[in-house]
Amino acid sequence: MNWDDTAQPADDTTGRLVGSAADGEDQAVEAALRPKSLAEFVGQERVREQLDLVLRAARQRGATADHVLLSGAPGLGKTTLSMIIAAEMEAPIRITSGPAIQHAGDLAAILSSLQEGEVLFLDEIHRMSRPAEEMLYMAMEDFRVDVIVGKGPGATAIPLELPPFTLVGATTRAGLLPPPLRDRFGFTAHMEFYEPAELERVIHRSADLLDVTIDTAGAAEIAGRSRGTPRIANRLLRRVRDYAQVKADGLITQEIAAAALGVYEVDARGLDRLDRAVLEALLKLFGGGPVGLSTLSVAVGEERETVEEVAEPFLVREGLLARTPRGRVATPAAWAHLGLTAPQSFGGGGSGQGDLFGA
Ligand SMILES: Nc1ncnc2c1ncn2[C@@H]1O[C@H](COP(=O)(O)OP(=O)(O)OP(=O)(O)O)[C@@H](O)[C@H]1O
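Residues numbered from 1 in each chain as written. Predicted model: local features only at pLDDT ≥ 70, side-chain atom pairs only at ≥ 80, totals over all residues. Heavy atoms only, no water.

(A) Seen up close, the overall build of the chain. Looking only at helices and strands, one finds 15 helices and ten strands in the chain. Expressed as lengths along the three principal axes of its C-alpha atoms, the size of the chain is roughly 75 × 55 × 30 Å. Taking all 359 residues of the chain together, 50% fall into the buried category. Counting contacts in the chain only where the partners sit at least 6 residues apart, residues at least 24 apart contribute 69% of the total. Distance between charge centres in the chain, computed from 36 positive and 51 negative side chains, equals 2 Å. (Helix = DSSP H or I, 4+ residues; strand = E, 2+ residues; numbered from the N terminus. Buried < 20%, exposed > 50% of the residue type's maximum accessible area, 1.4 Å probe, protein only. Contact = heavy atoms within 4.5 Å. Lys, Arg positive; Asp, Glu negative; His and termini not counted. Charge placed at Lys NZ, Arg CZ, Asp CG, Glu CD.)

(B) Region of the structure containing the confidence of the model for the chain. Across the chain, the average pLDDT comes to 88, with 92% of residues at 70 or higher. When the criterion is pLDDT under 50, residues 2-12 qualifies, and its contacts beyond four places in sequence or with other chains add up to 30 contacts. A low-confidence stretch, residues 349-359 (pLDDT under 50), is modelled with 21 contacts involving residues beyond four sequence positions or located in other chains. In the predicted assembly, ipTM is 0.97 and pTM is 0.87. (pLDDT = per-residue confidence, 0-100.)

(C) Highlighting the environment of Arg-182. Along the chain, Arg-182 turns up in helix H6 (residues 179-182). By relative accessible area, which is 34% here, Arg-182 ends up partly exposed. Note: C-alpha distance between Arg-182 and Val-68 (114 residues apart in sequence) is 9.8 Å. Look past the residues within four positions of Arg-182 in its chain and what remains in contact with it is Leu-69, Ala-174, Gly-175 and Leu-177.

(D) The arrangement of the site of the ligand in detail. Looking at the ligand, there are 19 residues lining it, with Val-42, Lys-78, Thr-79, Thr-80 and Arg-231 nearest. Between an oxygen atom of the ligand and a main-chain N or O atom of Leu-33, the distance comes to 3.2 Å. Taking Lys-78, its main chain carries an N or O atom lying 2.8 Å from an oxygen atom of the ligand. Coverage of the ligand by the protein chains reaches 96% of its 630 Å² of free accessible surface. Those elements that provide at least two residues to the shell around the ligand are helix H1 (24-33), helix H3 (78-88) and helix H9 (230-247). Here the residues of the shell around the ligand are counted per class, giving nine nonpolar, five polar and five charged. Residue-level mapping places the shell around the ligand at the junction of two domains, with at least three residues from each of domain 1 (34-190) and domain 2 (196-263). (Near = heavy atom within 4 Å. Polar contact = N/O pair within 3.5 Å; in protein donor to acceptor, adjacent residues only side chain to side chain. Areas by Shrake-Rupley, 256 points an atom, 1.4 Å probe, with all protein chains shown as cover. Nonpolar A, V, L, I, M, F, W, Y, C, P; charged D, E, K, R; others polar. Domains from an automatic or database assignment.)

(E) Geometry of the UniProt feature "binding site: Mg(2+)" (unreviewed entry) in the chain. As recorded in UniProt, the sites labelled "binding site: Mg(2+)" (unreviewed entry) are Thr-79. As for its placement among the helices and strands, Thr-79 is situated in helix H3. Beyond its immediate chain neighbours, meaning those up to four positions away, Thr-79 contacts Arg-34, Phe-121 and Asp-123. (UniProt positions renumbered as here; feature names shortened; annotations may be inferred.)

(F) View of the pattern of salt bridges. As enumerated under the stated definition, the model contains 22 salt bridges in all. A salt bridge links Glu-312 to Arg-323; the shortest N-O distance between them is 2.7 Å. Taken as a pair, Glu-312 in helix H13 (residues 304-317) and Arg-323 in strand E9 (residues 321-324) lie far apart in primary sequence, eleven residues in all. Owing to a relative accessible area of 44%, Arg-323 belongs among the partly exposed residues under this scheme. (Salt bridge = Lys/Arg side-chain N within 4 Å of Asp/Glu carboxyl O.)

(G) Seen up close, the packing of helix H7 (residues 196-210) against helix H8 (residues 216-224). Look at H7 against H8: their axes get within 8 Å of each other, and the N-to-C directions meet at 120 degrees. Judged on the interaxial angle alone, H8 and H7 are oblique. Between H7 and H8 the crossing geometry is right-handed. Contacts between H7 and H8 involve Pro-196, Leu-199, Glu-200, Ile-203 and His-204 on the former and, on the latter, Thr-216, Ala-219, Ala-220, Ile-222 and Ala-223. For the contact of H7 with H8, the per-class residue count stands at seven nonpolar, two polar and one charged. (Axes fitted to C-alpha atoms, helices over the stretch in contact; angles between N-to-C directions. Parallel < 35°, antiparallel > 145°, perpendicular 65-115°, else oblique. Left-handed = near helix turned anticlockwise from the far one by under 90°.)

This is how it looks when you write it as structure tokens:
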């Protein structure tokens, strides 16, 4: 394997225990925890089945696999799947990312050094520069690039033949990809958040690899707090392992997992201190809303962007908060989650719901 750059996290949650981007410690242990084959890859049944067909068919034909686009939130296994594609095709893999390719020349250098059949993993493909993107169109379709030599009227395009390769593009924002780029992928897989039962399997598998003893209820407790994301599940497992080692006999049970994650302020539903601060302000200071984002951010003492991009997406996904044209509104589930009773006037609990949640 060949790393071309330092992949940047797709969000700014580094440092949060429930952040979905990889931090330094994650990067160090993730290599050891990555499944090495499709059979080992937990969950994502449909994606696995479809990808299995694509790869088997290519192998039977003795051909290079079609280009693959993987879309989905950080930490769901896109890098892992790209490595699995290379392993299943018995091909080498080169790893780079959109932000690392600022000039078409950067891309030309990578493409021209690929071996036949090699997998090129391009993380955050939506962040590539426009000229590089245009070069990629031709490379994907015709296995050829035009290298421009010189400048101005004297510039000439020298065509360069490329060996057949498989591009695996990954993006957290499939909607941001220009259609001509999207159309050049033979297979597109959308990766979903994982069900708790699937995360339990991820946790048991990682516990085995890390030589940690965990029972079924302990794994279920961690899975429920992992926000549907294997990376977070693995990170929480490591923190719970520390607690079990220092405070108990090393065995992770439901009680140990709950106590450990209580210390780290990750609650039963996977909300951390910031998420709860946003919800608490919304409920206790503003009666459940609607309240504007700026006001809410001032109330929790955080930047507007932090509330909007770091806390809100998960709260919305969990059905605890709604973004409405009149401002942020708590749902009845939010009151229940914080153990509070919605005031009589709160529309979210009764027939006024249509008012608050309506477009
Ligand atoms: N289906 C899975 N089964 C087991 N482990 C998984 C699975 N998916 C992801 N993981 C684990 O989660 C961690 C993060 O996965 P990975 O780096 O592939 O995510 P990603 O989607 O590429 O994230 P990013 O968008 O931040 O690059 C890895 O350690 C990997 O072992």
